[in-house]
Every structure is written in structure tokens, then in C-alpha cells.
Amino acid sequence: MERNGFYPADILLPRGADWARWSVVACDQYTSERGYWEQVEQTVGDVPSALRMILPEAYLEDEGRQRRIDGINAAMERYLREGVLAGVGSGFVYVERTLQGGQVRRGLVGMIDLEDYDFSKGSRSLIRATEGTVLERIPPRVQVRRGAPLELPHVMLLVDDREKRIIEPLAEKTGGMEKLYDFALMMDSGSIRGWKLGPQEEAAVAAGLGVLKDPEHFESTYGAGKDGVLLFAVGDGNHSLATAKTCWEELKPSLSEEERKCHPARFALVELVNLHDDALRFEPIHRVVFGVCPEQLLEELERAHDIRYGAGEEGQCFTAQWGDKKRMIRVLDPTSNLPVGTLQSFLDDYLARCGGRVDYIHGEEAVDALAREEGCMGFYLPAMEKNELFSTVILDGALPRKTFSMGHAQDKRFYLECRRICK
């Protein structure tokens, strides 16, 4: 298994907790919808919950951030001290997540070696980012992780397993595995079940990953084996994984060579998902711009690009909304291969010159509601074909940031498993 870059982990799970109130959605969801997190707070109440161990990014820019972080670390220490969290032994967890629509997404929880991951532009590492990393977003996340004794993953790695021979066969073997949990998730987000793999299942996973990692197989599949094999691509949680990498690089100089080999902070807990899972859908991530004059923004867009309004065959298309007005925009002189790249490049320049801020929104209903507010403008973007992902990352490098989302916000990974990251 070590040769394949995916390791069994010493996983901790809540013991005797109310599972439905323990597990909460990834902290980078609903960032402009505080009402969601207020409802989560009411649902959780005063029982032990992963909510006490995360900082929802809706509150990331609020005053008192350090006080919140101190509270997170204290909650982690308390849960460890009071036995709220218990080990289930070293291994992998096979996960079946039933989504809101009824589809079942399958995954495998284990850990990766951060030495195999590089989020820098042009990386040729075994594990690579799929989107551009915004370096300014890392320091506040480092602040949260730096003093934390535990990590809770919402990182989802993708593997290009076209033959479905690694994760999918586990569905037929759950009868012989130890079931760890089975419950409904809060906020109408479906349900989740998990089993611990046995030795035979672990061996089968290792064999499947070995095939995909083989340089000859990689060369025959992508025609690009000379620049290093890409085995895992970060589907969700790129900035969280970049934060883990940054914290590890920060810690390394203080460790001996021997300590570096096995220090728990060298590794990161993730869920591995097959790119070709039938329930895995790529959804567009839309943009909403706050604190702007929509008419002025459109005028600037017309100066920056050759654009046309309305449907047509030419150009890259997206739709703008402000108030109750909507207009389809076609850019005839794009600066990127994807509409999201062209739009993002323009917005970055415009906001730097004129002020305002942008948020990244999952779901058209949320965009519609926000775009109707004073001084706001929404942009609806088309979805990317998921089968293009690995080839694009291999040949062109990371995509523009926030190019795609793996499902709607309520389908994102919920915090459940934990792992110690300090000795």
C-alpha cells in the first residue's frame, strides 16, 4: 500500500454520540448564507459535535477569530480527554453516501503522504491540485490547524478508475466488514454508512491502485508518462489540503530526519472517490459580486472584451443577473479555454481596481437570491465535463480556481472521522 501513496489511518470516531448532530457539512459551504449555519447551531445544541471543532468560513472574517480558534482547540482536547472520541484501529473506511436525490456515492477514507502532494503551478507530483490555489486564503486556515491536536477531513481526492475496480467492488463485500456507522445526515442532506475494510479488501485496493500508478499504464492512457504519474487529483478541499501541506513544511525544520518519516502531521486524512462514480456529478460554481454598481461593471466588461448579448453560436457564454434583470453574455475574445477562466480573470482585475468582493456559490437559487440585493451581481456559469479533468490537469496544469463543484452544497462531505496530527 505504501508504494501507492494511500495509507491506512488510525481513525477516531465519536463514541455514544448523537451521530446526526455530530456530523456537519464542510466548513467552506454556505459561506454567504449564515442562516444555514445558525440553523446548524440550533440543531446541534449543547451535545458533542464536529461543529465545535471547525470554523465555518461564513465567520472567517469576523472579529474574535482567535477566540473561536482557541475554543476549537479546547473542544478537541476535551473530547479526547473525556473519551468522546475512540479509536477504531488502523485501517480504511468504505463509505456509502446517499445523496439528497437518492444516488449513492462511494468513497474510501484513508490518509495520504503530504510529501506526495504539491499545489504549486506546474506540479508533477503524485497528488495534484485541480484548481489554482489562492495563497491569501491559506494563512487563516493555517491559524486554525497549527495548534489543533486533531484533523477532520472534508478533502475528497479523485482517482481516474475507468474500469471501476478499486472502490466499487467493496459494495459487494460489506457483509464481511465491520459496520462503523449508519445514520441520516442533518439539514435534508441524505444519509451515510461506513464499514472498516478487512485485510483482503485492503489488498484488493492496493492492487488496483498499483495498476493505475504503473508508468506504462499511465503513458498508454494519457500519453504523458515522462513528466510523472498523476494518481490522485484534489476534487474538493484544495485549500484545506494546501493548508495541511503548509503546516507540515512549517514543522519539518524542527524535526530530526527520523521523526520526519512518521510524524502524524506528515499525513492528511482524505476520502478517495472514483471520478467515474455514477453519483458524482460536476456542477458549476457560480459567482456573486458584492459592493459594486452592476451597470458600471458591465461597461468595464464591454471595454475589456468583445462581447455580444443573447444566444448565439460564437464565443464563451455565461449569464449575468442584477436585480430582476438577466442577460446572456458571449465573449468573442476569451482569455482562457473555459468561460470560468475568462470571467475570473476579468473579475480579479476589476475588483482590484474598483473595489468589491466576489463569493463562489453552489446552486442557482442562492445566486438568484443574492443577485437581487442592492449592489450585487450574479454570474451563472456552465458545467465542465468531468471526463476532461485528468487530461486537462496533466497537460495544462491546474484549472482556474472554483471551476467546478462535485455536487450541490448539501452533497458535500460531512465531517465524521478524525485523526490525531500531533504526538
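I will try to describe carefully the structure that is included in this document. Predicted model only: the values in this text are computed from it and were never measured.

1. Focus: the sheet that holds strand β15 (residues 286–290)
Here we have six strands laid out as an open sheet, ordered β16-β18-β17-β20-β15-β19, and antiparallel in their pairing. Among the strands making up the open sheet, the edge pair consists of β16 (307–309) and β19 (357–361). Shown here is a sheet whose adjacent strand axes are inclined to one another by a mean of 25°, direction ignored. For strand β17 (residues 316–322) and strand β18 (residues 325–331), the ladder comprises seven bridges, and the chain directions are antiparallel. Counted as the bridge partner of Thr 319 is Met 328 from β18. Where helix α9 (residues 294–304) meets the sheet, it contacts β15, β16, β17, β18 and β20 (376–380), and its direction lies at approximately 50° from that of β20. Contacts from helix α10 (residues 339–354) reach β15, β17, β18, β19 and β20, with the element oriented near 15° to β15.

2. Overview of the side chain of Asn 238
Examined against the element boundaries, Asn 238 turns out to sit in helix α7 (residues 238–251). When neighbours within four sequence positions are excluded, Asn 238 is seen to be in contact with Tyr 117, Ala 129, Glu 131, Gly 132 and Thr 133.

3. Some thoughts on the packing of aromatic side chains
Summed over the entire model, instances satisfying the criterion amount to 16 aromatic pairs. Every member of this aromatic cluster is reached through a ring pair, and the members are Phe 6, Phe 92 and Phe 232. Over the ring of Tyr 380 we find Lys 326, and its NZ or CZ is 4.6 Å from the ring centre.

4. A short note on the layout of surface pockets
The gaps of empty space that remain are located by a probe, the size of a water molecule, rolled over the atoms. In this structure, the largest pocket occupies an estimated 850 Å³ of space. Taken together, 30 residues make up the lining of the largest pocket; nearest its centre are Arg 137, Arg 357, Val 358, Asp 359 and Tyr 360. Contributing elements (two or more residues each) for the lining of the largest pocket: α4 (138–146), α10 and β19. For the lining of the largest pocket, the element with the highest residue contribution is β19, accounting for five residues. Residues belonging to the lining of the largest pocket are distributed by class as follows: twelve nonpolar, four polar and 14 charged. Looking at the second largest pocket, its volume works out to about 290 Å³. In terms of lining residues, the second largest pocket is bounded by 13 residues, among which Glu 41, Leu 51, Arg 52, Ile 54 and Arg 68 are the most central. No other element matches helix α3 (residues 65–81), which puts five residues into the lining of the second largest pocket. Within the lining of the second largest pocket, the residues separate by chemical class into eight nonpolar, one polar and four charged.

What counts as what
- Residues numbered from 1 in each chain as written.
- Predicted model: local features only at pLDDT ≥ 70, side-chain atom pairs only at ≥ 80, totals over all residues.
- Heavy atoms only, no water.
- Pairing = 2+ DSSP bridges.
- Helix = DSSP H or I, 4+ residues; strand = E, 2+ residues; numbered from the N terminus.
- Axes fitted to C-alpha atoms, helices over the stretch in contact; angles between N-to-C directions.
- Contact = heavy atoms within 4.5 Å.
- Phe/Tyr/Trp six-rings, centres within 6.5 Å; stacked < 30°, edge-to-face > 60°.
- Lys NZ or Arg CZ within 6 Å of the ring centre and 35° of its normal.
- 1 Å grid on protein atoms, 1.4 Å probe; cavity = no way out; pocket = protein on both sides within 12 Å on 5 of 7 lines; lining within 4 Å.
- Points joined across faces, edges and corners; volume = space filled by probe spheres on them.
- Nonpolar A, V, L, I, M, F, W, Y, C, P; charged D, E, K, R; others polar.

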